[in-house]
Amino acid sequence: MSYAVLENIRVSYDGKTPVLTDLNLSIERGELVSLLGASGCGKTTTLRVVGGFIEPRAGRFTLNGVDMTRTAVHKRNFGLVFQSYALFPHLTVFENVAFGLKLRKIESASLKSRVMAMLDITDLGALANRYPRQLSGGQRQRVALARALVVEPQLLLLDEPLSNLDAKLRLSMRVEIKRLQKKLGITTIFVTHDQEECFSISDRVAIMDKGVIQQFDTPEAIYSHPANEFVARFVGFTNFFNLTASGTGRCLNNLGEEMVIDEIRNHTGGQTSWTGAIRPDDIVLTGTEVSGTNRLTGSVEVRTFLGKSYQYELETKLGRVVVNAPKDSIFEPGTLVCAHLPSDKIVLC
Amino acid sequence: MRKSVGLTLIAVVVFLFLTVPLIIITATAFGEASTIRFPIQGFTLKWFTATFASRSFMSSLGLSFALASYATLLALLVGIPASYALSKTTFRTNPRLRAFFLSPTFVPGIVVGYALFQFLVIQWRMPVFAGLLLGHFLVSLPYVIRVVGASLEQFDFSIEEVAWSLGCNKPKAFLKVVLPNIGSGIVAAFMLSFINSFNNIPVSMFLTGPGVSTLPTTLMNYIEYSYDPSVSAISVVLMGVTVVLMVIVERTLGIGSLAK
Ligand SMILES: Nc1ncnc2c1ncn2[C@@H]1O[C@H](COP(=O)(O)OP(=O)(O)OP(=O)(O)O)[C@@H](O)[C@H]1O
Ligand SMILES: [Mg+2]
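Everything numeric in this text was worked out from a predicted model, so none of it was measured.

Peer 1: Before we move on, can you summarise the sheet that holds strand 4 (residues 58–63) of chain A with the specific residues and values?
Peer 2: Residues and elements named next belong to chain A. Pairing is antiparallel across the open sheet formed by four strands, whose spatial order is 2-1-4-5. Taken across any chain shown, the strands that pair with only one partner, and hence form the sheet edges, are strand 2 (20–27) and strand 5 (66–67). Sheet strands in contact with helix 1 (residues 43–51) are strand 1 (4–11), strand 2 and strand 4, and its direction is about 120° off that of strand 1.

Peer 1: So what's going on with helix 3 (residues 55–88) of chain B? Residues and values would help.
Peer 2: Taking 1.5 Å per residue as the helical rise, helix 3 of chain B with its 34 residues ought to reach 50 Å, and the 49 Å between its terminal C-alpha atoms agrees with that figure. When the local axis directions of helix 3 of chain B are compared, the greatest deviation, roughly 25°, occurs at Gly79 of chain B, which is followed within four positions by the proline Pro81 of chain B.

Peer 1: I'd like a rundown of the packing of helix 2 (residues 93–103) of chain A against helix 4 (residues 137–149) of chain A, residues and numbers included.
Peer 2: All names here are of chain A. Put simply, helix 2 and helix 4 touch, their axes get as near as 7 Å, and they point 25° apart. Taken together, the axes of helix 2 and helix 4 are roughly parallel relative to one another. Classified by chirality, the crossing of helix 4 by helix 2 is right-handed. Between helix 2, through Val93, Asn96 and Val97, and helix 4, the contact on the second element is made entirely by Val143, Ala146 and Arg147. Of the residues contributing to the contact of helix 2 with helix 4, the split by class is four nonpolar, one polar and one charged.

Peer 1: Quick one: what's the story with the site of ligand 1, residue by residue and with numbers?
Peer 2: Residue and element names in this part refer to chain A. Around ligand 1, the structure places Tyr13, Val19, Ser39, Gly40, Cys41, Gly42, Lys43, Thr44, Thr45, Glu160 and His193. Residue Cys41 places a main-chain N or O atom 3.3 Å away from an oxygen atom belonging to ligand 1. Coverage of ligand 1 by the protein amounts to 55% of the 630 Å² it exposes when considered alone. Class assignment of the residues belonging to the shell around ligand 1 gives a composition of three nonpolar, six polar and two charged.

Peer 1: I'd love a proper account of the interface of chain A and chain B, names of residues and values included.
Peer 2: Quoted interface sizes are often the accessible area lost when the parts come together. Counting from both sides, the interface comprises 19 residues of chain A and, opposite them, 17 residues of chain B. In this assembly, chain A packs against chain B so that about 1700 Å² is buried in total across both faces, 67% of it on carbon and sulfur atoms. When the buried area of chain A at its contact with chain B is split by residue, His74, His90 and Leu103 of chain A rank highest and sum to 31% of it. Connecting chain A to chain B are one salt bridge. A salt bridge links Glu161 of chain B to Arg48 of chain A; the nearest nitrogen and oxygen atoms lie 2.7 Å apart. Where chain A packs against chain B, one counts six residue pairs in polar contact (both at pLDDT 80 or more). For the side of chain A that touches chain B, the secondary structure elements donating two or more residues are strand 6 (78–81) and helix 2 of chain A. With three residues, helix 2 of chain A is the largest single contributor of residues to the side of chain A that touches chain B. Tallied by class, residues from the side of chain A that touches chain B come to twelve nonpolar, four polar and three charged.

Peer 1: Which residues make up helix 5 (residues 109–123) of chain B, and what values go with them?
Peer 2: Residue pairs three or four apart in sequence face the same way in an α-helix, which turns once every 3.6 residues. Residue and element names in this part refer to chain B. The end-to-end C-alpha separation of helix 5 is 20 Å, in line with the 21 Å expected for 15 residues at 1.5 Å each. Maximal helix bending in helix 5 amounts to about 30°, located at Phe117. Those residues of helix 5 not exposed but buried are Val112, Gly113, Leu116 and Leu120. The positive-phi residue at the C-terminal boundary of helix 5 is Arg125, with phi of around 50°.

Peer 1: Describe the packing of aromatic side chains, with residues and values.
Peer 2: Residue and element names in this part refer to chain A. Counting across every chain of the model gives 20 aromatic pairs over all chains. Here the aromatic rings of Tyr310 and Tyr312 are separated by 6.4 Å at their centres, their planes lie at 40°, and the arrangement is tilted. Overall, Tyr312 belongs to the buried group, its relative accessible area being 0%. Note on Tyr312 and Phe331: the rings are 5.7 Å apart at their centroids and 70° apart in plane angle, and the pair reads as edge-to-face. A residue pair is termed long-range when its members are at least 10 positions apart, and Tyr312 in strand 17 (residues 309–316) and Phe331 in the loop between strand 18 (319–326) and strand 19 (336–340) qualify at 19 residues. Ring pairs connect the aromatic residues Phe305, Tyr310, Tyr312 and Phe331, which therefore count as one cluster. Across the ring face of Phe88, the terminal group of Arg147 is positioned such that the distance to the ring centre comes to 4.6 Å.

Thresholds, definitions, all that
Residues numbered from 1 in each chain as written. Chains lettered and ligands numbered in written order. Predicted model: local features only at pLDDT ≥ 70, side-chain atom pairs only at ≥ 80, totals over all residues. Heavy atoms only, no water. Pairing = 2+ DSSP bridges. Helix = DSSP H or I, 4+ residues; strand = E, 2+ residues; numbered from the N terminus. Contact = heavy atoms within 4.5 Å. Axes fitted to C-alpha atoms, helices over the stretch in contact; angles between N-to-C directions. Expected span 1.5 Å × (residues − 1). Bend = angle between axes of the 7 residues up to and from the residue. Parallel < 35°, antiparallel > 145°, perpendicular 65-115°, else oblique. Left-handed = near helix turned anticlockwise from the far one by under 90°. Nonpolar A, V, L, I, M, F, W, Y, C, P; charged D, E, K, R; others polar. Near = heavy atom within 4 Å. Polar contact = N/O pair within 3.5 Å; in protein donor to acceptor, adjacent residues only side chain to side chain. Areas by Shrake-Rupley, 256 points an atom, 1.4 Å probe, with all protein chains shown as cover. Buried area = accessible area lost by both parts, 1.4 Å probe. Salt bridge = Lys/Arg side-chain N within 4 Å of Asp/Glu carboxyl O. Buried < 20%, exposed > 50% of the residue type's maximum accessible area, 1.4 Å probe, protein only. Phe/Tyr/Trp six-rings, centres within 6.5 Å; stacked < 30°, edge-to-face > 60°. Lys NZ or Arg CZ within 6 Å of the ring centre and 35° of its normal.

As structure tokens, then:
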């Protein structure tokens, strides 16, 4: 049994439009799990169900085997960090961090040492007597984190905690969050719509679309084996083509040509059609026509300069294909080129 | 540049229009003549002593003060939770509910006064002070709801949610993190409510009874029969009190908090 489990959660704000439909998610103890998806897909809603701010219309949320679906927010002992940080403006940094401990009636000497220890961990010791308005964005963010962590929550919930920071700070803060989370061993749910951020920080990632989890797996697995076309598009696959089985371990494209695909060995379960996908970076372009498997001839339609490389849009018999090719050979629009789709780079979904 | 000269001129004219009458009234309070006259002849403080010696002025001042205090207190006790609840309602019901709570400011005071007179005095035979208190409470409530509501609109409710998550139940979170952060709104509401109740005439006129009269109604009645500078004197006293209050607000919160 996993540590935190969402079972068949259903949420609708107005009773008509579903926001979450039969959402399932199991999180192990000590894990950092991210919810990733486009704006409006239901990430915050999921987090608010876990936090107890929204009561689902159906389904269960259990923590450590205890049903918490209807437990009041203040009895859950979860740490919370919002995008806006939501620091208490009328309290100093120290008082902000001490807030939760005071409510727990911790005696003052141990309260003080616990708060100071947490301020030291988050590198805020020197700012203890400042008010939130006297802090920079990154410092506020750390106060919010310290305030959530000092009470030793059973679960840490982070809703886009980094999106108000500039790019450089985001990078160092996410390393910081990861470090703290691992050091304290706190099970964490992290909401973001930044793919890089999410992949770098998470043990596992749940990719969401329209209130449904499309894939829940490690970043590596999602990156190299997207479960479906939605996830594939999300992680950078732009070229898709239909494939049908022809005998074991072989398949044909729409033109009836055989395509060699390494991954097909893993698909032994009687499936007869797939969508093949490949990233624009993985296709190799050559000027001269070469015959052989996994090769497509097409004319260059559009060329875009990307800095490190050129992006070409090719018109082929299989449809439009996007290729990123290095700068050393340039193809003019209108010329015929040959695209090679390496058999180990094609994924099936 | 020319434009700003014109604007400055308008501002000066408006400023004079607002302040000159007050200055004249202040001056007349010190005149020796037995009717209000400007410019004044001589200088005396006798109207002040007369005012403070007058039983009817002093008792109505006391009544007005008590009334404004209690009515404001009641309005705050009811209005703060009400505007909190209003700020939590969904966007569809909110405008209507809000309009309902603010309606006493849209209805002419004389109508509110008459309606209350009908019900409280004629129908229910309520004691005079209780009736006045209820009337003034009703007049003050919309101000509290409007001003506190405005500062709740600025309030980031995720702060409250964090307080819950740290272990506060809802009433505790309200006291510990919501109230302290709408403090300026509450002070502003207090001031507006107090001043409105203190100045109110239409509602008080209907609800005052024999021997029980608020200061504005006493002043009105007094001016009808005698036109001596004690009215100016009491106006000066009231202005003085208001200025002191304003200075306190300015020192603690900044005067801007009243204009929000
Ligand atoms: N209080 C609400 N009332 C009605 N609908 C809501 C409410 N909150 C969210 N929604 C709707 O629910 C859906 C999911 O919203 P949610 O806030 O969970 O998205 P999100 O994935 O967090 O998006 P973002 O990345 O923009 O924060 C959206 O379509 C949104 O319009
Ligand atoms: Mg969100």
